[in-house]
Amino acid sequence: MGKQFLLGNIKVPGIHTYDVYRKHGGYNAAEKALKTQTRDQVIEEVKFSGLRGRGGAGFPSGMKWSFLDQKSDKPRYLVCNADESEPGTFKDRFLMEKLPHLLIEGMIISSYALGAKTSYIYIRGEYMYVLRILEKAILEAYAAGFLGKNILGTDFSLDLYVHPGAGAYICGEETALLESLEGKRGLPRLKPPFPAIAGLYACPTVVNNVETIASVPCIVNISADLYNDIGIGKSTGTKLISASGHINKPGVYEIELGLPVEEFIYSDEYCGGIWKGRSLKAVVAGGSSVPILPANLILKTAKGEPRLMTYESLSDGGFVSGSMLGSGGFIVMDETTCIVRNLWTFARFYHHESCGQCSPCREGTGWMEKVLHRIEHGHGHMSDVDLLVDIAKKIEGNTICPLGDAAAWPVASAIRHFREEFEYHVKYPEKVKDPKHFEKEPFVSEKLERAVH
Amino acid sequence: MSEVRFSNDTLTLVSKLIGRYPEGRQKSALLPLLHIAQSEFEGWLSVPTMDYVASLLKIQPIEVYEVASFYSMFNLKPVGRCLLEVCQTGPCWLRGSDDIVIHLEKKLGIKVGETTADGMFTLKTVECLGSCDTAPMLQCGAAYYENLTTESVDALLVKLNADGERSSYMK
Amino acid sequence: MAKVTIDGIEIEVQDGTTILNAARQIGGDSVPPAMCYYSSLKDSGGKCRVCLVKVAQGSAKDPRPMPKLMASCRTPVMDGMVVQSITSPEVLEARKSVVEFLLINHPLDCPICDQAGECDLQNLAYKHGVGQTRYEEEKRTFEKIDIGDKIKLHMTRCILCYRCTFVANQITDNRVHGIIGRGDASEISTYIQKAVDNDFSGNMIDVCPVGALTDKTFRFKSRVWFTNPLDAHRDCKKCSGKVVLWTKGEEVLRVSARTDQYNEVKEFICNECRFDHKIKSDWIIEGPRHIDRHSVIAQNHYEKSDLQKLKKEIDRQIEFEKGKLLSPNNPG
């Protein structure tokens, strides 16, 4: 069992309540930071810990904090991004539901460090029941004197509110989230200016993911030194992985960064292996947006080294033979999976979620979905496969926000690694008529077959 | 149509919500208010309802229409008493969400996007609800129904029918 | 002041100038096209992505190139910035892609569209597009609607540039139309079939880069290239009163605001000037409107040329050709 910085007390009955959380050392970090550390010291600790944004991009959190415009005389805001919507990702929901006070404590310390007097948690509207849990916990924190005026007798005051979204993946993009929080359509803003200069209400703002903020109390508690002892290189500490798909034990796991992927998939401590005794076909390791990898490349890099759960190892080989750690949404597919159909569901998702503001994404996501729908349903042409690659290439990098890239990468990577399967759909339309086409008889590569015989 | 108006209790809540945002930034309360309005006025947002919300926030009605039509949780047309939202994105599909949708269509005698003749159920497919570890799953009101099988779906329909309550994200 | 180099040509511009406006100061073929940016509308731009350029050097201070192509209309120049517009194959490829994206759902009904001949999308497609489509799916369509008695909304043609909503926000008293829906289902709409009725609402027609918002009073009256455009003005209490009269013989078929070489209105006009004075005698005629020779409208349109003007035009053409030569994969 690895170190559990976040979920260590998850099994304690009643840990979602203030009293139990406090009894188990909760809010000690807030006390320590507010009473014994300056704001800059907290920022330095977070910098030194090597903590990286846990929402998907993996940007160093301490550095993001240090970009915040400290000279501005406008109010500063901390906004927690709890708009978790990346397919395959559910760790933030789990964390907020089970440990609401951990997030609140993280918000208190982070707001203190950034000099924010009002902070918001923007949670996706579908998680309304989690919002209720958070609101209840916030009331408890106010009652205990950890929120409100002059917290713990210091001159630091903080108001914390939860704000619901209403169904839009795009609001997970930080500037779209800010627009949404201002009561507008969730359209990503053009950058610059970045939120650190002009964010919420045009004031300096930091937007951080739930897990990122929840990691701060631990860093303050045990010190940055001990935090970055865990992990490898620039991947420090622990990470929550949302494991789903064809595995025996789907769920949220806290892993030490550096755990071998093979151990994560097959160990009973984590995914517990592939369900129904089947074999592994492919993995999307960091949420639907990151490139899919076939079994051989997810377990080992192209160089033949074991693939590890770190930002660096998962991206080893670039997009040719690697992927990304992303949000940690680990989607596992067994040998019966139709890669084309899975991809079509992703393409449909991005088409549905494109905000429609810029033309490559608005038009390109719909186009890709329609072509994939045709191929999957036996109406494709051979030229469609290259067409898809080309559309993806023309969206990538040309859009206002990363949703365009997120829509393009799965398409490009699926065709890169599973082209034969797309061509099979075109060649044998009658064999893919049944929606469960590969369930009874898994797809077998003709090329591989020929090589074997 | 009778006049659209929140109860006094709700209006107190509304002014509390508006108070969470800085002076002059009351538009920030738009999404929370639309959630409340949808819940209070039969599960959907009619034009008078949206105009009423606009008046509470002192903004133009078009600003409300623009926002309400952007977010997928707001219904701009009437829906059945229970809105069943079945997740269909990759991770749920891998674990059989298609079967759940087909079963619900057969059981309710409607297609996705339709409402049963008695006005009890509307069936909708939605994109990832962030519950991939308990796939397949569906949302009805604020509740998540997880690890669905055709049997558990049948039981759920019986329960919802018996309760007869209108689903709402706010309950 | 900031020094910026665009396609090898250096220019010094005011701090805060965007790359696009710096390029416009240089002129010629390096000027990026723009379908959503509109200089007189605050916050416009950034959406259509046809104006993408490559920033090969960020600034003198930080010479690193920018990792992605940038929307030139919304990216301010930095001192020492080096930009590639038509000298970058990557940029030309990206622009071509955007044209393709803008056209896949466009009805291409130019033969019956009133905008034909003065349509930015038509011009853009002509310059960057390819001759055939790879799109074989069903196109998105919408019903035509009247927004008020003077404006026709043909949503199917819309490229969602958002300009008309900026007009409504910035130069009319209150906005009653906006963008409804999301993604490729977004549409310009009043949502409740309300009339857009406002003294300056007609300017939405002029800022529309395509035939999505057209003047109902001009509908199917004439192809623009068969009209004779005249600069004219009148004393108006509400606006500058400076317009273009689109005439045929003695008849005034249409009144519009004057646009510059980038097809942008600098002085918006009121609806009274636009719709209620369709008789020549209401106007003081200044003379024929200068129309860019590249426009199809110039076809039936002869101006008395003076030598100065002619020389200027020849110089401009030479510059234009020079710009073309800069492009590495220019076929012709």
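On a predicted model such as this, the values are computed, not experimentally measured, just so you know.

Trainee: With reference to specific residues and values, describe the overall build of chain B.
Mentor: Helix and strand content of chain B: 7 helices and 4 strands. From first element to last, N terminus to C terminus, chain B shows the α and β order α-α-α-α-β-α-α-β-β-β-α. Taking all 171 residues of chain B together, 58% fall into the buried category. In chain B, 65% of the contacts between residues at least 6 apart in sequence involve partners at least 24 apart.

Trainee: Can you tell me about the nonpolar core, naming the residues and giving the values?
Mentor: Ranked by internal contacts, the top residues of the largest apolar core, which has 232 residues, are Ile108(A), Phe422(A) and Tyr71(B). Looking at this core, the element that brings in the most residues is helix H18 (residues 403-427) of chain A, giving 11 residues. If we skip the residues at most four places from it in the chain, Tyr71(B) touches Tyr122(A), Ala166(A), Gly167(A), Ala168(A), Cys171(A), Ser180(A), Lys184(A), Arg185(A), Gly186(A), Leu31(B) and Arg182(C). Counting 28 residues, the second-largest nonpolar core is a separate cluster that includes Ala243(A), Leu257(A), Leu297(A) and Phe330(A).

Trainee: Help me get a handle on the domain arrangement of chain C, residues and values and all.
Mentor: Residues and elements named next belong to chain C. Per the domain assignment, the segments making up chain C are domain 1 (2-99), domain 2 (103-215) and domain 3 (224-323). In this complex, domain 2 contributes 16 residues to the contact, which on the side of domain 3 involves 20 residues. Overall, the association of domain 2 and domain 3 removes approximately 1600 Å² of surface from exposure, summing both partners, and the carbon and sulfur fraction of that is 50%. Summed over the shared surface of domain 2 and domain 3, the number is 3 salt bridges. Top contributing element to the side of domain 2 that touches domain 3 by residue count: helix H5 (residues 203-207), with 4 residues. When grouped by side-chain class, the residues that make up the side of domain 2 that touches domain 3 number 5 nonpolar, 5 polar and 6 charged.

Trainee: Could you give an account of the interface of chain A and chain C, with specific residues and numbers?
Mentor: The interface of chain A with chain C comprises 34 residues on the first partner and 34 residues on the second. Interface of chain A and chain C: buried area, both sides summed, is about 2900 Å²; carbon and sulfur atoms make up 48% of it. One can count 7 salt bridges joining chain A with chain C. Across the chain A-chain C interface, the total number found is 22 residue pairs in polar contact (both at pLDDT 80 or more). If you list the elements that add at least two residues to the side of chain A that touches chain C, you get helix H15 (339-353), helix H16 (359-376) and helix H17 (382-395) of chain A.

Trainee: Now, about the pairing of strand S1 (residues 77-82) of chain A: what can you tell me, with residues and values included?
Mentor: Working note: regular strand, side chains alternate between the two faces of the sheet. Residues and elements named next belong to chain A. Of all 6 residues making up S1, 6 are buried, and the element is well covered by its neighbours. By the alternation rule, side chains of S1 split into Tyr77, Val79 and Asn81 and Leu78, Cys80 and Ala82, which are all buried. Sheet topology places S1 next to strand S2 (residues 118-123); 6 bridges connect them, and they run parallel. Looking at the pairing, valine 79 lines up with tyrosine 120 of S2. Relative to strand S4 (residues 205-209), S1 runs parallel, the two sharing 5 bridges. Opposite asparagine 81, over in S4, you have asparagine 209 as the bridge partner.

Trainee: I'd like a rundown of the interface of chain A and chain B, residues and numbers included.
Mentor: A common way to report how large an interface is uses the accessible area buried once the components associate. Taken together, the contacts link 60 residues of chain A with 40 residues of chain B. Summing both sides of the interface, chain A and chain B together bury roughly 4000 Å²; the carbon and sulfur share of this comes to 57%. It is Ala166(A), Arg185(A) and Tyr201(A) in chain A that bury the most area against chain B; as a group they hold 15% of the surface buried on that side. Linking chain A to chain B there are 6 salt bridges. We note a salt bridge from Asp98(B) to Arg341(A), for which the minimum N-O separation is 3.4 Å. Taken together, chain A and chain B are joined by 27 residue pairs in polar contact (both at pLDDT 80 or more). Of all the secondary-structure elements, those providing two or more residues to the side of chain A that touches chain B are S2, helix H7 (128-143), strand S3 (159-164), helix H8 (174-181), strand S7 (238-245), strand S11 (329-334) and H15 of chain A. Broken down by element, the residue count for the side of chain A that touches chain B peaks at 8 residues, all from H15(A).

Trainee: Tell me about helix H1 (residues 8-18) of chain B, residues and numbers included.
Mentor: Residues and elements named next belong to chain B. Within the span of H1, buried status applies to Thr10, Val14 and Leu17. The arc enclosing the buried residues of H1, seen along the axis, measures out at 65°, which places them on a common side. In H1, the exposed positions angled more than 90 degrees off the buried face are occupied by Asn8, Asp9, Thr12 and Lys16. Where H1 is buried, its residues meet helix H2 (30-40) and helix H3 (47-57).

Trainee: Lay out the sheet that holds S4(A) with the relevant residues and their values.
Mentor: Residue and element names in this part refer to chain A. On the basis of which strands lie adjacent, the open sheet formed by 4 strands has the order S3-S2-S1-S4 and parallel pairing. The open sheet is flanked by S3 and S4, the only strands paired with a single partner. Averaged over all pairs of adjacent strands, the angle between strand axes in this sheet comes to 20°, irrespective of strand direction. Packing against the sheet, helix H9 (residues 210-222) makes contact with S1 and S4, and its axis sits at approximately 90° to S4.

Trainee: Hey, could you go over empty space enclosed by the protein for me, with residue numbers and the actual values?
Mentor: All names here are of chain B. Under the defined criterion, the tally for this structure stands at 5 cavities of 30 Å³ or more. Here the largest cavity defines a volume of roughly 140 Å³. Around the largest cavity sit 16 residues that line it, and Gln38, Gly43, Ser167, Ser168 and Tyr169 are the ones nearest its centre. Elements with a contribution of two residues or more to the lining of the largest cavity: H2 and strand S1 (82-87). Considering each element in turn, the lining of the largest cavity owes the most residues, 3 residues, to H2. For the lining of the largest cavity, a count of residues per class yields 4 nonpolar, 9 polar and 3 charged.

Basis of the calculations
- All residue numbers here refer to positions counted from 1 along the written sequence of the relevant chain.
- Here the convention is simple: chains get letters from A, ligands get numbers from 1, in the order in which they are written.
- Reporting of local features is limited, given that this is a predicted model, to residues whose pLDDT is at least 70; pairs of side-chain atoms are given and counted only at 80 or more, and all residues count toward the totals for whole chains, interfaces and linings.
- Side-chain metrics in this entry use all non-hydrogen atoms of the structure; hydrogen atoms and water are not considered.
- Runs of E in the DSSP output that reach at least two residues are strands. Runs of H or I that reach at least four are helices, and both are numbered from the N terminus.
- Exposure is judged per residue with a 1.4 Å probe applied to protein chains only, and the accessible area is read against the type maximum: over 50% gives exposed, under 20% gives buried, and values in between give partly exposed.
- In this description, contact between two residues means that some pair of their heavy atoms is separated by no more than 4.5 Å.
- To qualify as a nonpolar core, a set must consist of buried Ala, Val, Leu, Ile, Met, Phe, Trp, Tyr and Cys residues joined through side-chain atoms within 4.5 Å.
- For the purposes of this description, domain bounds are those given by an automatic or database domain assignment.
- Accessible area that two parts lose when put together, with a 1.4 Å probe and added across both, is what the buried area reports.
- Between Lys or Arg on one side and Asp or Glu on the other, a salt bridge is scored when a side-chain nitrogen of the former is within 4 Å of a carboxyl oxygen of the latter.
- Each residue gets one label: Ala, Val, Leu, Ile, Met, Phe, Trp, Tyr, Cys and Pro are nonpolar, Asp, Glu, Lys and Arg are charged, and the others, such as Gly, are polar.
- We call two N or O atoms a polar contact when they sit within 3.5 Å, provided that within protein one can donate a hydrogen and the other can accept it, with sequence-adjacent residues counted only if both atoms are side-chain atoms.
- For two strands to pair, DSSP has to find at least two bridges joining them.
- Directions are taken from the helix axis to each C-beta atom, and the arc is the one they span.
- Between the N-to-C directions of two axes lies an angle of 0 to 180 degrees, each axis being a line fitted to C-alpha atoms and, for a helix, fitted only over the stretch in contact.
- The way it works is a 1 Å grid over only the protein atoms, where trapped points that fit a 1.4 Å probe form a cavity and open points with protein on both sides within 12 Å along at least five of seven lines form a pocket, and then any residue with an atom within 4 Å of a point lines it.
- Grid points are joined across faces, edges and corners, and a volume is the space filled by probe spheres set on the points.

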